[in-house]
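Chain and residue survey
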Amino acid sequence: MKLKMYHKIAIVMGSQSDFSTMKDCVKILKSLKISFDVKIVSAHRTPKRLYEFAKESEKSYSVIIAGAGGSAHLPGMIASLTTVPVIGVPIESKKLKGLDSLLSIVQMPRGIPVGTVAIGEGGAINAALLAASILGISNSKISNQLKQYRIRQTKSVKLKP
Ligand code: RP5
């Protein structure tokens, strides 16, 4: 049996307003030279777009990163429609500082998992790094890029403040 491997990541988000957080995810993937697509897909405002994206996702993507805020049902809804791994990024909401987003994404009932990272920019960055680790299992170039990233990060930490 021939194994199909795609080394592309989808970054989706529920609203244009999420891009100020998700742009950090874009930056990391660019720096690691990983191909990706970025789309706005809203679970409640564009449900048809969500359905079509998720149903077609297995043809193009190895990992989906989904950022959403508030009731944040986007990552879970996508995960219910595909077996591509989904990483959810809880966007920091204005009213509850992202705790609503975090709990919505992390508390998926059993059967449909969504990997959940931290609220906000740190989560967006870690989602990209985690997606890169997943792709790195079968792609040595990506795994090497990730190792170089870690080396650069370590070097950037000064010994004294
Ligand atoms: C969610 O509602 C989005 O993911 C966003 O975080 C939040 C607010 O959206 P806007 O009102 O800014 O479009 O669907």
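Heads up: the structure comes first, above all this text.
So, a few notes on the structure that sits alongside this text.

What counts and how
Residues numbered from 1 in each chain as written. Predicted model: local features only at pLDDT ≥ 70, side-chain atom pairs only at ≥ 80, totals over all residues. Heavy atoms only, no water. Helix = DSSP H or I, 4+ residues; strand = E, 2+ residues; numbered from the N terminus. Rg over C-alpha atoms; globule rule 2.2 N^0.38 Å. Buried < 20%, exposed > 50% of the residue type's maximum accessible area, 1.4 Å probe, protein only. Contact = heavy atoms within 4.5 Å. Phe/Tyr/Trp six-rings, centres within 6.5 Å; stacked < 30°, edge-to-face > 60°. Near = heavy atom within 4 Å. Polar contact = N/O pair within 3.5 Å; in protein donor to acceptor, adjacent residues only side chain to side chain. Areas by Shrake-Rupley, 256 points an atom, 1.4 Å probe, with all protein chains shown as cover. 1 Å grid on protein atoms, 1.4 Å probe; cavity = no way out; pocket = protein on both sides within 12 Å on 5 of 7 lines; lining within 4 Å. Sits in = over half its atoms within 2 Å of the grid points. Nonpolar A, V, L, I, M, F, W, Y, C, P; charged D, E, K, R; others polar. Pairing = 2+ DSSP bridges. Axes fitted to C-alpha atoms, helices over the stretch in contact; angles between N-to-C directions.

**Some thoughts on the overall build of the protein chain**
Scanning the protein chain for helices and strands turns up 6 helices and 5 strands. Secondary structure elements in the protein chain, listed N-terminal to C-terminal, are β-α-β-α-β-α-β-α-β-α-α. Scaling as 2.2 N^0.38, a compact globule of 161 residues should have a C-alpha radius of gyration of about 15 Å, and the protein chain matches this with 16 Å. Summarising its shape, the C-alpha atoms of the protein chain cover approximately 50 × 45 × 30 Å along the three principal directions. Here the protein chain holds 161 residues, and 44% of them are scored as buried. Summarising the internal contacts of the protein chain: among those between residues at least 6 apart in sequence, 67% fall at separations of at least 24.

**Quick word on the packing of aromatic side chains**
Under the definition given, this model contains 1 aromatic pair. A ring pair is formed by Phe-53 and Tyr-61, whose centres lie 6.0 Å apart and whose planes are at 40°; its orientation type is tilted.

**Digging into the site of the ligand**
Neighbouring residues of the ligand: Gly-14, Ser-15, Ser-17, Asp-18, His-44, Arg-45, Ala-68 and Gly-69. In this structure, an oxygen atom belonging to the ligand sits 2.6 Å away from a side-chain N or O atom of Ser-15. Relative to its unbound accessible surface of 360 Å², the ligand loses 68% to contact with the protein. Of the pockets mapped on this structure, the ligand occupies the largest pocket. Tallied by class, the residues present in the shell around the ligand amount to 1 nonpolar, 5 polar and 2 charged.

**Focus: the sheet that holds strand β4 (residues 86–90)**
Taking strand neighbours across the sheet as the criterion, the 5 strands line up as β2-β1-β3-β4-β5 in an open arrangement whose pairing is parallel. A strand with exactly one partner marks an edge of an open sheet, and here the two such strands are β2 (35–40) and β5 (115–116). Bridge count for strand β1 (residues 8–13) against strand β3 (residues 63–68) is 5 bridges, and the pairing is parallel. Bridge pairing in β3 links Ala-10 to Ile-64. Packing of helix α1 (residues 19–31) onto the sheet brings it into contact with β1, β2, β3 and β4, and relative to β1 it is tilted by some 170°. Across the sheet, helix α3 (residues 74–81) lies against β1, β3 and β4, angled at about 150° from β3, the strand it touches most.

**Quick notes on unusual backbone geometry**
Apart from glycine, the bulk of residues carry a negative phi angle, and the bulk of peptide bonds sit in the trans form. Backbone geometry places Lys-33, a non-glycine residue, at a positive phi of 60°. Since its relative accessible area comes to 65%, Lys-33 is described here as exposed. Even without being a glycine, Lys-97 presents a positive backbone phi close to 55°. Within the element layout of this structure, Lys-97 appears in the loop between β4 and α4 (99–106).

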